[in-house]
2 protein chains.
Amino acid sequence: MAEDTEEAQGSATIARLRRELARGTTELAVLSVLSVRRRYGYELLKVLGQAGEGVLEVKEGTLYPLLHRLEDSGHIVATWEAEGRARPRKYYVITPDGRAYLAMLRTEWGGLVDAMRQLLDTLGEVQP
Amino acid sequence: MAEDTEEAQGSATIARLRRELARGTTELAVLSVLSVRRRYGYELLKVLGQAGEGVLEVKEGTLYPLLHRLEDSGHIVATWEAEGRARPRKYYVITPDGRAYLAMLRTEWGGLVDAMRQLLDTLGEVQP
DNA sequence: ACCCGATGCCTTGCGTGACAAGGTATCGGG
DNA sequence: CCCGATACCTTGTCACGCAAGGCATCGGGT
C-alpha cells in the first residue's frame, strides 16, 4: 500500500512538475515555430511532439485554446485553406506584433534561464 | 489614454508572462537554496528577491503555502527557534527525500532548457 | 461491407501554482 | 506615538494545461 502510493505519487508527481515547469513555455514554442513559416494546428501538435524528445509536447486541449488566444491578441492570423482537399486546414501566420511579442518572450525566457543558472551555480554565496 | 492602456496592458502582460514562465521554478529555487543551508521563511523571501535581478522574486502568498506543501510531502522539515528573541523563526531544513526530489527537479529543468534551446536554435529544420 | 485509426478541428470542467489582500504580533526609530 | 520592518499565516481569484468528450473525413485492413 505504502509502496503503491509512493510509486503512484512519484509518477504523478513527475508528470505534474514537468507540466508546471513547462508552463508558459508553450506560447514561446508555438510562436517560435510559427516565426519560421506558417503551420496549421494539427501540424504544430506533431512538430512540438517530436521536438526535444517530447519535452515540449502539447495536447490538443492546450494548443487550440492557445492559438485562439494568440489570434485574439493579434499575434497570429488564421486562414482556412482547402488545397483541393475535403477537410480544410486552418493555417496560422505570425504577425509583426507577434514577432515583437516573441522577442519579448525570448528575452524573458533567457533572463529566467540565466537567473536559474546563476542560482544553481553560485549556491551558498548569496547572503541574507 | 490609448498610451496608458497600451502601456498598462504591456506591463500587465509582461508581469503575467513572467509569472507563467517562472511557474514551477519556485520549488526548484527554494529547494536549491535550502540545499546549501537551513533558512527561515522571511529569509528565503529576501534571498530569492535579490537573486537574478529579481527575476526569481517570490511573494509571501506563494512562499508560505509552498513551504507547507514541501513539509507535508517530507521534502523539508521545520523547526521553531527563538534564539533568545521574542519573535521566533521557523527554520526549514532539506531532508534526504528533498535532495532526491531536488535532483529530479534539476534534471527536468535541464531537459526543458535543452529542449527550448534546441528548438530556438534549429528553428526551421524540424519537418512535419 | 465494415470498422478503426489517423487526420483535423473544437469545447467543458477540473487541478494547480502564483498572487493580491487581508490578518496577527513584536520591535526600533523618528 | 505611530509607522515601517520583521515574521508568520490564510482566503479568494486568475490563468494555464489537460483529460475527456464531440464532430467529420479518409484510408487501409479483414
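Report follows, based on the coordinates. (Residues numbered from 1 in each chain as written. Chains lettered and ligands numbered in written order. Predicted model: local features only at pLDDT ≥ 70, side-chain atom pairs only at ≥ 80, totals over all residues. Heavy atoms only, no water.)

Focus: the nonpolar core
Right, so step 1: Counting residues in each nonpolar core, the largest one holds 69 residues, and the members touching the most others are V30, W109 and L112 of chain A together with V30, W109 and L112 of chain B.
Right, so step 2: Aside from chain neighbours lying at most four places away, what touches V30 of chain A is L44, L48, L63, L66, L67 and L70 of chain A. (Core = buried A, V, L, I, M, F, W, Y, C linked by side-chain atoms within 4.5 Å. Buried < 20%, exposed > 50% of the residue type's maximum accessible area, 1.4 Å probe, protein only. Contact = heavy atoms within 4.5 Å.)

What about the protein's contact with DNA strand C?
Right, so step 1: Around DNA strand C there are 27 residues in total, and Y42, R89 and K90 of chain A together with R23 and A86 of chain B lie nearest to it.
Right, so step 2: A breakdown of the atoms of DNA strand C within 4 Å of the protein gives sugar and phosphate a share of 68%.
Right, so step 3: Between a phosphate oxygen of DNA strand C and a side-chain N or O atom of R89 of chain A, the distance comes to 2.7 Å.
Right, so step 4: Where the surface near DNA strand C is concerned, the elements lending two or more residues are α1 (2-22), α3 (41-50), α4 (60-72) and β3 (89-94) of chain A together with α4 (60-72) of chain B.
Right, so step 5: Looking at the surface near DNA strand C element by element, the count peaks at five residues for α4 of chain A.
Right, so step 6: Grouping the constituent residues of the surface near DNA strand C by class yields six nonpolar, seven polar and 14 charged. (Near = heavy atom within 4 Å. Polar contact = N/O pair within 3.5 Å; in protein donor to acceptor, adjacent residues only side chain to side chain. Helix = DSSP H or I, 4+ residues; strand = E, 2+ residues; numbered from the N terminus. Nonpolar A, V, L, I, M, F, W, Y, C, P; charged D, E, K, R; others polar.)

Things to note about the interface of chain B and chain A
Right, so step 1: Taken together, the contact between chain B and chain A spans 45 residues of the former and 45 residues of the latter.
Right, so step 2: Regarding the contact of chain B and chain A, the summed buried area is about 4200 Å², with carbon and sulfur atoms giving 72% of it.
Right, so step 3: Applying the counting criterion to the chain B and chain A interface returns four salt bridges.
Right, so step 4: In this assembly, chain B and chain A are joined by four residue pairs in polar contact (both at pLDDT 80 or more).
Right, so step 5: At the level of secondary structure, the elements contributing two or more residues to the side of chain B that touches chain A comprise α1 (2-22), α2 (25-36), α3 (41-50) and α5 (96-121) of chain B.
Right, so step 6: Residue contributions to the side of chain B that touches chain A peak at 13 residues, all from α5 of chain B. (Buried area = accessible area lost by both parts, 1.4 Å probe. Salt bridge = Lys/Arg side-chain N within 4 Å of Asp/Glu carboxyl O.)

A short note on the environment of A29 of chain B
Right, so step 1: Looking at where A29 of chain B falls in the secondary structure, it is placed in helix α2.
Right, so step 2: Judged by relative accessible area, A29 of chain B falls into the buried class, the value being 2%.
Right, so step 3: As a C-alpha pair, A29 of chain B and A51 of chain B span 22 residues in sequence and 9.9 Å in three-dimensional space.
Right, so step 4: Excluding anything up to four places from it in sequence, A29 of chain B contacts L119 of chain A together with L48 of chain B.

What to know about the relation of the copies chain B and chain A
Right, so step 1: Once chain B has been moved 0.0 Å along the axis and rotated by 180 degrees, it coincides with chain A to within an RMSD of 0.1 Å. The transformation just described matches what one would write down for a two-fold rotation axis. Residues of chain B ranked by C-alpha distance from the rotation axis are headed by R23 of chain B, positioned 3.1 Å from it.
Right, so step 2: Most of the interface of chain B is mirrored in chain A, where 100% of its interface residues are also at the interface. (Least-squares fit on C-alpha atoms with pLDDT ≥ 70 in both.)

Comments concerning the protein's contact with DNA strand D
Right, so step 1: Neighbouring DNA strand D are 27 residues; R23 and A86 of chain A together with Y42, R89 and K90 of chain B lie closest to it.
Right, so step 2: Counting only the atoms of DNA strand D within 4 Å of the protein, the fraction contributed by sugar and phosphate is 70%.
Right, so step 3: Here a phosphate oxygen of DNA strand D and a side-chain polar atom of T26 of chain A are 2.9 Å apart.
Right, so step 4: Within the side chain of R89 of chain B, a nitrogen or oxygen atom sits 2.6 Å from a phosphate oxygen of DNA strand D.
Right, so step 5: Of all elements in the fold, only α4 of chain A together with α1, α3, α4 and β3 (89-94) of chain B reach the threshold of two or more residues within the surface near DNA strand D.
Right, so step 6: Tallied by class, the residues present in the surface near DNA strand D amount to seven nonpolar, seven polar and 13 charged.

Structural notes on the side chain of E27 of chain B
Right, so step 1: Relative to the elements of secondary structure, E27 of chain B occurs in helix α2.
Right, so step 2: One buried charged side chain, E27 of chain B, makes no salt bridge at all; its nearest oppositely charged neighbour is R16 of chain A, positioned 4.7 Å away.
Right, so step 3: Polar contacts involving the side chain of E27 of chain B include one to the side chain of Y101 of chain B, which spans 2.3 Å.
Right, so step 4: Once residues within four sequence positions are removed from consideration, E27 of chain B is found in contact with L66, L70, Y101 and L105 of chain B. (Lys, Arg positive; Asp, Glu negative; His and termini not counted.)

A short note on the side chain of T95 of chain A
Residue and element names in this part refer to chain A.
Right, so step 1: Relative to the helices and strands, T95 is located in the loop between β3 and α5 (96-121).
Right, so step 2: A distance of 2.7 Å separates a polar side-chain atom of T95 from the backbone oxygen of G74.
Right, so step 3: Setting aside residues up to four positions removed in sequence, T95 forms contacts with G74, H75, I76 and V77.

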